[in-house]
Amino acid sequence: MIKCPYCFEVLEEKIKKCPHCEQFIIDTIIETEFKSLDKKKCFFCGKKILKEAHICRHCKQWLDSVDNGASTYDQI
Ligand SMILES: [Zn+2]
Ligand SMILES: [Zn+2]
């Protein structure tokens, strides 16, 4: 099983662009034997995404910058 390095959704094949988060895959695709089940809420749209995800597959926002708190609201 292979996964997108950004949204951690399962990919059908080794592709250049993830159909879930629509990011071009320039990092190494993750290979694993199990599917992620843990979910978290997106900071931006509130929809459920995989716990490991770096990007929300729904609103395409990167989550890394807000993982440590909500003190970066005024940086746009
Ligand atoms: Zn993806
Ligand atoms: Zn979102």
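To be clear, the structure that these remarks concern was listed above.
Residues numbered from 1 in each chain as written. Chains lettered and ligands numbered in written order. Predicted model: local features only at pLDDT ≥ 70, side-chain atom pairs only at ≥ 80, totals over all residues. Heavy atoms only, no water.

**Q** Summarise the sheet that holds strand 2 (residues 10-11); cite the residues concerned and give the values.
**A** Across the sheet, which stays open at both edges, the three strands sit in the order 2-1-3 with antiparallel pairing between neighbours. Because the sheet does not close on itself, it has two edges, and the strands there are strand 2 and strand 3 (30-31). Looking at chain direction, strand 1 (residues 2-3) and strand 3 are connected through two bridges and run antiparallel. Residue Lys-3 lies in a different strand from strand 3, and its bridge partner there is Ile-30. (Pairing = 2+ DSSP bridges. Helix = DSSP H or I, 4+ residues; strand = E, 2+ residues; numbered from the N terminus.)

**Q** Can you lay out the coordination of the zinc ion (ligand 2) for me, pointing to particular residues and giving the numbers?
**A** Around the zinc ion (ligand 2), the protein supplies Cys-42 (SG), Cys-45 (SG), Cys-56 (SG) and Cys-59 (SG) as donor atoms, at distances of 2.2 to 2.3 Å. All donors of the zinc ion (ligand 2) come from a single chain, and their spacing in sequence reads C-x2-C-x10-C-x2-C. Taken as a pair, Cys-45 in the loop between strand 4 (39-41) and strand 5 (48-50) and Cys-59 in the segment after strand 5 lie far apart in primary sequence, 14 residues in all. When its relative accessible area of 27% is taken as the criterion, Cys-59 is described as partly exposed. (Donors = N, O, S within 2.8 Å, 3.2 Å for Na, K, Ca; no water. Buried < 20%, exposed > 50% of the residue type's maximum accessible area, 1.4 Å probe, protein only.)

**Q** Can you explain unusual backbone geometry? Please cite residues and give values.
**A** Look at Glu-22: it is not a glycine, yet its phi comes out positive at around 60°. Within the secondary structure, Glu-22 sits in the loop between strand 2 and strand 3. Positive phi, normally seen in glycine, also occurs at Lys-60, with a value near 65°. Assignment of secondary structure puts Lys-60 in the segment after strand 5.

**Q** Describe in detail the coordination of the zinc ion (ligand 1), supporting the description with residues and values.
**A** Looking at the metal site, the zinc ion (ligand 1) is ligated by Cys-4 (SG), Cys-7 (SG), Cys-18 (SG) and Cys-21 (SG), spaced 2.2 to 2.3 Å from it. Its four donor atoms give the zinc ion (ligand 1) angles of 104 to 115° at the centre, a pattern that matches the tetrahedral case. (Tetrahedral: all angles 85-135°; square planar, octahedral: opposite > 155°, others 65-115°.)

**Q** I'd like to hear about the nonpolar core, residue by residue, with values.
**A** One finds Ile-2, Cys-4, Tyr-6, Cys-7, Leu-11, Cys-18, Cys-21, Ile-25, Ile-29 and Ile-55 forming the largest nonpolar core, which totals 10 residues. Ignoring sequence-local partners within four residues, the contact set of Ile-2 consists of Glu-9, Val-10, Leu-11, Glu-13, Lys-14, Ile-29, Ile-30 and Glu-31. In this structure, Phe-8, Leu-50, Cys-56 and Leu-63 belong to the second largest nonpolar core, which totals seven residues. (Core = buried A, V, L, I, M, F, W, Y, C linked by side-chain atoms within 4.5 Å. Contact = heavy atoms within 4.5 Å.)

Note that all results are geometric; they support no functional claim without further evidence.
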